[in-house]
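# Residue-level structure breakdown
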Amino acid sequence: MTPSSDSLVNTNLPLRVLQVGAGGMGRTWLRTLLSHDRVELVGLADLDVARAKAALDETGAPDVPTARTLEELIDHVAADVVLDVTVPEAHHTVTMQALRRGLPVLGEKPLAASLAEALELVAASQAYGRLFMVSQSRRYDANLVAFRRLLRRLGRIGILTTQFFKAPRFGGFRDAMAHPLVLDMAIHSFDSARYLLGVDPVAVYCDEHNPAWSWYAGDAASTAIFEMADGSRYVYTGSWCSPGLETSWNAAWRASGEYGSAVWDGDSPPTLEVAEGADAGEETDDAEETVHPGIAGSLREFVHAVRTGSTPMGEAADNVLSLAMVHAAIESSRSRQRVVVADVLERAHAEALERATGEVRDVLASWTSLTPPG
Ligand SMILES: NC(=O)c1ccc[n+]([C@@H]2O[C@H](COP(=O)([O-])OP(=O)(O)OC[C@H]3O[C@@H](n4cnc5c(N)ncnc54)[C@H](O)[C@@H]3O)[C@@H](O)[C@H]2O)c1
């Protein structure tokens, strides 16, 4: 998206943030906002106002105004941007309200609860000329960035694999979701795979199932094989109910390339082994890749983008392709067929056109490519 010049917030004052959602992740965000010297928390909305007040008391900001919804808060508090940390089902409503009011949005993953809603939000960001960025916090992990540098020394990549095995008992929305692993968690790995390989997905075979001892209502285990645009394969295997020898929250990774292989356990620095006689070149230290970890990295990139008009990594028009991997995988596991990602995007686009109205619909109708313009 090319932001209009009136959308840039380029004063020297701290960026005024309205946060929506004060649950588990919302409280983590509050601490991050309050420790950033260039932003100011000016309001917190949550359907459960008592929860919002308790979160503010806990984080040492008891005087920040609260309300049930963004709509209730937005007219009473002067703000520059909105931070959406609500449940996935609310992302569309909250982001649409903010963009329509001319406020750029930083939203938690996933971009939206469905791919059609996601495309509608990408179009809304373009229609209203306001940035919508999704916080894919894994992209700011220094070891992931280092792993990508190692991959660049392996020549062509044949296979990239992810193993994710954890056994958390969350309670709440994840326990009731139809696809808790693929929809809520695998998005991190799928997005990281696009970042690591630097190419987009073409098609996927996926199998999901729910282990007999699972405490989740939906399928909590999955294996997906993605065919990527350069012919490489990205293979993801994971389970949410896998006690013992658990992997890192960042998963465990292996890349097999032309000149050698690289591995990363998700926590320690990654390592590389180059085949004898192969010229894998020297490791480079990209100056532009200064890393601030996790959501602090997302926040920093968002603030910079809102002030300068630069395009952040998680811009919705790009991030929608990571979400498309999720929905293509789910469709494949339902149909037990190979699913082409462009077909999934095309169907979602048709659905988005039916849902959307006004200038958002006009933008959707103007797209000539299945990949929305950035
Ligand atoms: N990046 C990460 O590592 C990471 C980790 C955990 C969660 N998340 C994401 O963060 C988001 C929130 O997750 P969570 O674990 O905090 O969930 P949660 O259920 O603990 O909290 C969500 C909060 O949103 C509020 N809410 C829902 N709809 C609302 C609306 N329309 N207006 C105002 N408030 C509303 C709820 O009352 C609740 O307090 C999800 O999208 C989740 O996927 C990301």
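Computed from a prediction, not measured in an experiment: that's the story for all the values here. (Residues numbered from 1 in each chain as written. Predicted model: local features only at pLDDT ≥ 70, side-chain atom pairs only at ≥ 80, totals over all residues. Heavy atoms only, no water.)

### Let's talk about the overall build of the protein
What the protein contains, in helices and strands, is 12 helices and 14 strands. Principal-axis analysis of the C-alpha atoms places the extent of the protein at approximately 65 × 45 × 45 Å. Across the 374 residues that make up the protein, the buried fraction comes to 55%. Sequence separation of at least 24 residues holds for 72% of the intrachain contacts in the protein that already meet a minimum separation of 6. Of the accessible surface of the protein, which amounts to about 15900 Å², a share of 50% is contributed by carbon and sulfur atoms. Taking the average place of the 32 positive charges on the side chains of the protein and the average place of its 50 negative ones, the gap between the two points comes to 2 Å. (Helix = DSSP H or I, 4+ residues; strand = E, 2+ residues; numbered from the N terminus. Buried < 20%, exposed > 50% of the residue type's maximum accessible area, 1.4 Å probe, protein only. Contact = heavy atoms within 4.5 Å. Areas by Shrake-Rupley, 256 points an atom, 1.4 Å probe, with all protein chains shown as cover. Lys, Arg positive; Asp, Glu negative; His and termini not counted. Charge placed at Lys NZ, Arg CZ, Asp CG, Glu CD.)

### Concerning the pairing of strand S5 (residues 105–108)
Residues Val-105 and Gly-107 of S5 are buried on one face, and the alternating residues Leu-106 and Glu-108, pointing to the opposite face, are buried as well. Assessed by its sense of winding, the connection that carries the chain from strand S4 (residues 81–84) through helix H4 (residues 91–100) to S5 is right-handed. Pairing of S5 with strand S6 (residues 132–135), which is carried by four bridges, proceeds in the parallel orientation. Looking at S6, one finds that Glu-108 is bridged to Ser-135. After leaving S5, the chain enters helix H5 (residues 115–127) and then returns to the sheet as S6, a path that is right-handed. (Right-handed = clockwise from strand over helix to strand, strands pointing away. Pairing = 2+ DSSP bridges.)

### Quick notes on the site of the ligand
Near the ligand lie 25 residues; those nearest to it are Gly-24, Met-25, Asp-46, Arg-51 and Lys-109. In the model, an oxygen atom of the ligand is placed 3.2 Å from a nitrogen or oxygen of the His-91 side chain. In the environment of the ligand, a nitrogen atom lies 3.4 Å from a nitrogen or oxygen atom belonging to the side chain of Ser-137. Within the complex, the protein chains bury 83% of what would otherwise be the 850 Å² of accessible surface of the ligand. For the shell around the ligand, the secondary structure elements donating two or more residues are helix H1 (24–34), helix H7 (173–176) and helix H8 (180–197). At three residues, the largest contribution of residues to the shell around the ligand is made by H1. Of the residues assigned to the shell around the ligand, the class counts are nine nonpolar, eight polar and eight charged. (Near = heavy atom within 4 Å. Polar contact = N/O pair within 3.5 Å; in protein donor to acceptor, adjacent residues only side chain to side chain. Nonpolar A, V, L, I, M, F, W, Y, C, P; charged D, E, K, R; others polar.)

### Topic: the layout of surface pockets
Here the largest pocket is characterised by a volume of approximately 980 Å³. Of all the secondary structure elements, the ones that give two or more residues to the lining of the largest pocket are H1, H4, H7 and H8. The leading source of residues in the lining of the largest pocket is H4, at four residues. Class assignment for the residues of the lining of the largest pocket results in 18 nonpolar, 14 polar and nine charged. (1 Å grid on protein atoms, 1.4 Å probe; cavity = no way out; pocket = protein on both sides within 12 Å on 5 of 7 lines; lining within 4 Å. Points joined across faces, edges and corners; volume = space filled by probe spheres on them.)

### Let's talk about the sheet that holds strand S2 (residues 39–45)
Ordered by their spatial adjacency, six strands build an open sheet running S3-S2-S1-S4-S5-S6, and the pairing between neighbours is parallel. The sheet is open, and its two edges are formed by strand S3 (66–67) and S6, each paired on a single side. Sheet analysis places S2 next to S3, joined by two bridges and oriented parallel. Along S3, the bridge assignment pairs Leu-44 with Thr-66.

### Some details on empty space enclosed by the protein
Applying the stated criterion to the full structure yields three cavities of 30 Å³ or more. What lines the second largest cavity is Arg-138, Asp-141, Leu-144, Met-185, His-188, Ser-189, Ser-192, Trp-249, Asn-250, Trp-253 and Trp-264. At four residues, the largest contribution of residues to the lining of the second largest cavity is made by H8. A class-by-class count of the residues in the lining of the second largest cavity yields five nonpolar, four polar and two charged.

### Remarks on the domain arrangement of the protein
Taken as a whole, the protein is organised into domain 1 (5–138 + 293–315 + 341–366) and domain 2 (142–278). Each of domain 1 and domain 2 has a C-alpha centre, and these two points are 27 Å apart. The partner domain 2 presents 14 residues to the nine residues of domain 1 that form the contact. With both chains or domains summed, domain 1 and domain 2 bury close to 1100 Å², and 59% of this area falls on carbon and sulfur atoms. Where domain 1 meets domain 2, there are one salt bridge. The salt bridge partner of Lys-109 is Asp-184, with a shortest N-O separation of 3.3 Å. Run the count over domain 1 and domain 2 and you get four residue pairs in polar contact (both at pLDDT 80 or more). (Domains from an automatic or database assignment. Buried area = accessible area lost by both parts, 1.4 Å probe. Salt bridge = Lys/Arg side-chain N within 4 Å of Asp/Glu carboxyl O.)

### A look at the UniProt feature "domain: GFO/IDH/MocA-like oxidoreductase" (unreviewed entry) in the protein
In the numbering adopted here, UniProt assigns the feature "domain: GFO/IDH/MocA-like oxidoreductase" (unreviewed entry) to residues 176–261. Across residues 176–261, helical content stands at 22% and strand content at 37%; the span's end C-alpha atoms are separated by 39 Å. (UniProt positions renumbered as here; feature names shortened; annotations may be inferred.)

### What about the UniProt feature "domain: Gfo/Idh/MocA-like oxidoreductase N-terminal" (unreviewed entry) in the protein?
UniProt records the feature "domain: Gfo/Idh/MocA-like oxidoreductase N-terminal" (unreviewed entry) for residues 16–134 in the present numbering. With 42% helix and 21% strand, residues 16–134 has end C-alpha atoms that lie 18 Å from one another.

### Section: the sheet that holds strand S9 (residues 221–228)
Read across the sheet, eight strands follow the order S13-S12-S11-S7-S10-S9-S8-S14 without closing on themselves; strand pairing throughout is mixed. Only two strands of the sheet have a single neighbouring strand rather than two, namely strand S13 (271–274) and strand S14 (339–340). Summarising the sheet, strand S7 (residues 157–165) and strand S10 (residues 233–239) pair through seven bridges and their orientation is parallel. Note that in S10 the partner of Phe-165 across the bridge is Ser-239.

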